[in-house]
Amino acid sequence: MQTNFTPAQLADPHVAESERILRKCVHCGFCTATCPTYVTLGNELDSPRGRIYLIKDMLENGRPADTEVVTHIDRCLSCLACVTTCPSGVDYMHLVDHARAHIEKTYKRPFMNRLVRAILAAVLPYPDRFRLVLKLSSAGRPFAGLLRRTPALKPFAAMLALAPRRIPPASVYAVPASHPAVGEKRGRVAILTGCAQPVLDPGINEATISLLTRFGVEVVVPEGEVCCGSLVHHMGREEQALASARANVDVWTREIERGGLDAIIITASGCGTTIKDYGHMLRLDAAYAEKAARVSSLAKDITEYLVSLELPAQMPKGITVAYHSACSMQHGQKITTAPKQLLKAAGFNVRDPSEGHLCCGSAGTYNILQSDISDALKARKVKNLEATKPHVIATGNIGCMMQIATGTAVPIVHTVQLLNWAYGGDVSEKLKGLPLA
């Protein structure tokens, strides 16, 4: 793609990076076939290629974002299916990140939209606040219908629809501590506790720590860790995201210096995609660039790390698992075989749903801010998952778990919860009553 940025514009490293990305696009349109919003809406401007044109025009002319640009960028899930599909290597992720930051700086959203976004940014990254809001959500449920009928209030209805009716108690495994290896020590790792996940399903990290320690790995829950920054990063709140990244880099650097780390274990793939990008996000910060790159290099999805441990094969269990590959796992981190390889080795019959490359519609806060598109994608995903006739659905991202669970009666758990049970750990509450329980 030909560009016409001025030397003055290219002096801005963010603009210069975007210009390099734009030049790689050859207008081929391969991305349209795998873009969930284009497949759903059929609008060229809701495809990666269309959004690239809008971003180019906005940045090249140095103008503030307008309503049209914001509408179509907001509809992007950041699923990154286009990155997987693109034959030219267009780095759409960093281009749309820049566009979102530009929108945040130059566009004044309608009041209710600003309010919803401010609430999400002030609540979701903070476990105590999030837990309190979930407890209060029961008081709002009688008003969900009214909220749904008022366009500006629909995000609040979406929040209520997603809020679980039962909130698990806080886990002791979320408290900073070191969990020693059982038997001969094979490694030492830190684990990301997370922000929403330990509130919604603390059993995921419990299963992870239990499994790793039984296989000889010391697991550290570091003190001072905060949200990875992904939720606000995708809302264009660049400084808030970078502050979270710096805080976590400091925390994990201390652990590296204290006792060494073989890996930083991530159990939510949405977080993993962002943490693996810390080196890029902080590349212009002289005080953090090197440390952030080291942290990114150590970040591993739990399934990436477990594959390296070569867990023993188990006998078949007669349990069919539909594996949902989260977008942040398959497109963001390019992890496609490890989870299924582990499940098969543990004795599960693993099935891939049709259209596995398409997003379920969760995408961080997308199912709140763009609930109509999200609901359409969820229905499509659930139909394909249920068509495999599974006993259980497994995935590696808490957002996908919460999204899909609102559309099906089939239990959905994290991949590591199945693996933990298969190798002698406790069975998840969600699985009791199934053949494996």
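Before any of the text, the structure's been laid out above.
A. Inspection of the overall build of the protein at higher detail. When you go through the protein residue by residue, the secondary structure sums to 25 helices and nine strands. Here the protein has a C-alpha radius of gyration of 21 Å; the compact-globule value for 437 residues is 22 Å, and the two agree. Based on the C-alpha atoms only, the size of the protein along its principal axes is roughly 60 × 50 × 40 Å. A total of 437 residues make up the protein; the buried ones form 57% of that total. Within the protein, contacts between residues separated by at least 24 positions form 73% of all contacts whose residues are at least 6 apart in sequence. Just so you have it, the protein exposes about 18,200 Å², and 56% of that area is on carbon and sulfur atoms. Across the protein, the 48 positively charged side chains and the 39 negatively charged ones have centroids separated by 6 Å.

B. Broad picture of the side chain of E255. With respect to the helices, strands and loops of the structure, E255 is situated in helix α15 (residues 238–259). In this structure E255 comes out as buried when scored by relative accessible area, which is 5%.

C. Inspection of the pairing of strand β4 (residues 263–266) at higher detail. Covered by surrounding structure in β4 are A263 and I265 together with I264 and I266, the residues of both alternating faces. Summarising the sheet, strand β2 (residues 187–191) and β4 pair through three bridges and their orientation is parallel. Note that in β4 the partner of I191 across the bridge is I265. Relative to strand β5 (residues 299–301), β4 is paired through three bridges, and the arrangement is parallel. Paired with I264 across the strands is A299, a residue of β5.

D. Representation of the sheet that holds strand β7 (residues 349–351) within the structure. What the four strands build is an open sheet, ordered β7-β6-β8-β9; its pairing is parallel. The open sheet is flanked by β7 and β9 (412–414), the only strands paired with a single partner. Across the sheet, the axes of successive neighbouring strands diverge by a mean angle of 35°, strand direction being ignored. Contacts between helix α24 (residues 398–405) and the sheet are confined to β8 (392–395) and β9, with β9 contributing the most and set at about 175° to the helix.

E. Molecular detail of the pairing of β2. Counted residue by residue, β2 has five buried out of five residues, so it is predominantly covered. Across four bridges, β2 lies against strand β3 (residues 217–221) in parallel orientation. Its bridge partner being in β3, V189 is matched across the sheet by V219.

F. Structural context of the sheet that holds β5. Judged by pairing direction, the sheet is mixed, and its five strands sit side by side in the order β1-β3-β2-β4-β5 without closing on themselves. In this open sheet, the two edge strands, each paired with only one partner strand, are β1 (177–179) and β5. Recorded for the sheet is a direction-independent mean angle of 30° between the axes of neighbouring strands. By the bridge criterion, three bridges tie β1 to β3 in an arrangement that is antiparallel. Bridge pairing in β3 places H179 opposite V219.

G. Layout of the nonpolar core. By size, the foremost hydrophobic cluster in this structure holds 100 residues, and its most contacted members are L212, I275, Y278, L306 and F348. Among the elements that line this core, the one with the most residues is α15, at seven residues. Within the second largest apolar cluster, 28 residues are counted, among which are C31, I55, C82 and M93.

H. Up close: the state of the cysteines. By the definition in use, this model includes zero disulfides. Cysteine C86 is unpaired, with the sulfur of C28 as its nearest cysteine sulfur at 5.8 Å. You can see C360 has no disulfide; the closest cysteine sulfur is in C400, sitting 3.9 Å from it.

I. Region of the structure containing the pattern of salt bridges. Scanning all chains against the criterion turns up 23 salt bridges. Note that D46 and R75 form a salt bridge whose closest N and O atoms lie 2.8 Å from each other. A residue pair is termed long-range when its members are at least 10 positions apart, and D46 in the loop between α3 (36–41) and α4 (48–60) and R75 in the loop between α5 (67–74) and α6 (81–85) qualify at 29 residues. On the basis of relative accessibility, which here comes to 0%, the residue D46 falls in the buried class. Taking the shortest distance from any N to any O, the salt bridge between R246 and D285 comes out at 2.7 Å. Highlighted residues: R246 in helix α15 and D285 in the loop between α17 (278–281) and α18 (289–298), separated in sequence by 39 residues. Residue classification places D285 among the buried positions, given a relative accessible area of 18%. One connected set of salt bridges, linked through shared partners, spans K185, R188, E218, E255 and R258.

J. Representation of helix α21 (residues 338–345) in the model. Among the residues making up α21, those that are buried are A338, P339, K340, L342 and L343. Residues of α21 that are buried sit in contact with α19 (302–309), β6 (320–323), β7, β8 and α25 (415–422).

K. Representation of unusual backbone geometry in the model. Its identity is not glycine, yet A363 carries a phi of approximately 50°, on the positive side. Position of A363 relative to the elements: it lies in the loop between β7 and α22 (366–369). On the basis of relative accessible area, A363 is assigned to the partly exposed category, the value being 31%. A positive phi angle is found at K389, which is not glycine, with a value near 55°. Among the secondary structure elements, K389 is positioned in the loop between α23 (371–386) and β8.

L. Region of the structure containing the packing of aromatic side chains. Tallied over the full model, the rule gives two aromatic pairs. Look at F215 and Y423: their rings are 5.6 Å apart centre to centre, the planes differ by 85°, and that puts the pair in the edge-to-face class. On the criterion of sequence distance, the pair formed by F215 in the loop between α13 (203–214) and β3 and Y423 in the segment after α25 is long-range, its members being 208 residues apart. For the pair formed by F215 and Y423, the shared burial category is buried.

Basis of the calculations
Residues numbered from 1 in each chain as written. Predicted model: local features only at pLDDT ≥ 70, side-chain atom pairs only at ≥ 80, totals over all residues. Heavy atoms only, no water. Helix = DSSP H or I, 4+ residues; strand = E, 2+ residues; numbered from the N terminus. Rg over C-alpha atoms; globule rule 2.2 N^0.38 Å. Buried < 20%, exposed > 50% of the residue type's maximum accessible area, 1.4 Å probe, protein only. Contact = heavy atoms within 4.5 Å. Areas by Shrake-Rupley, 256 points an atom, 1.4 Å probe, with all protein chains shown as cover. Lys, Arg positive; Asp, Glu negative; His and termini not counted. Charge placed at Lys NZ, Arg CZ, Asp CG, Glu CD. Pairing = 2+ DSSP bridges. Axes fitted to C-alpha atoms, helices over the stretch in contact; angles between N-to-C directions. Core = buried A, V, L, I, M, F, W, Y, C linked by side-chain atoms within 4.5 Å. Disulfide = S-S within 2.5 Å. Salt bridge = Lys/Arg side-chain N within 4 Å of Asp/Glu carboxyl O. Phe/Tyr/Trp six-rings, centres within 6.5 Å; stacked < 30°, edge-to-face > 60°.

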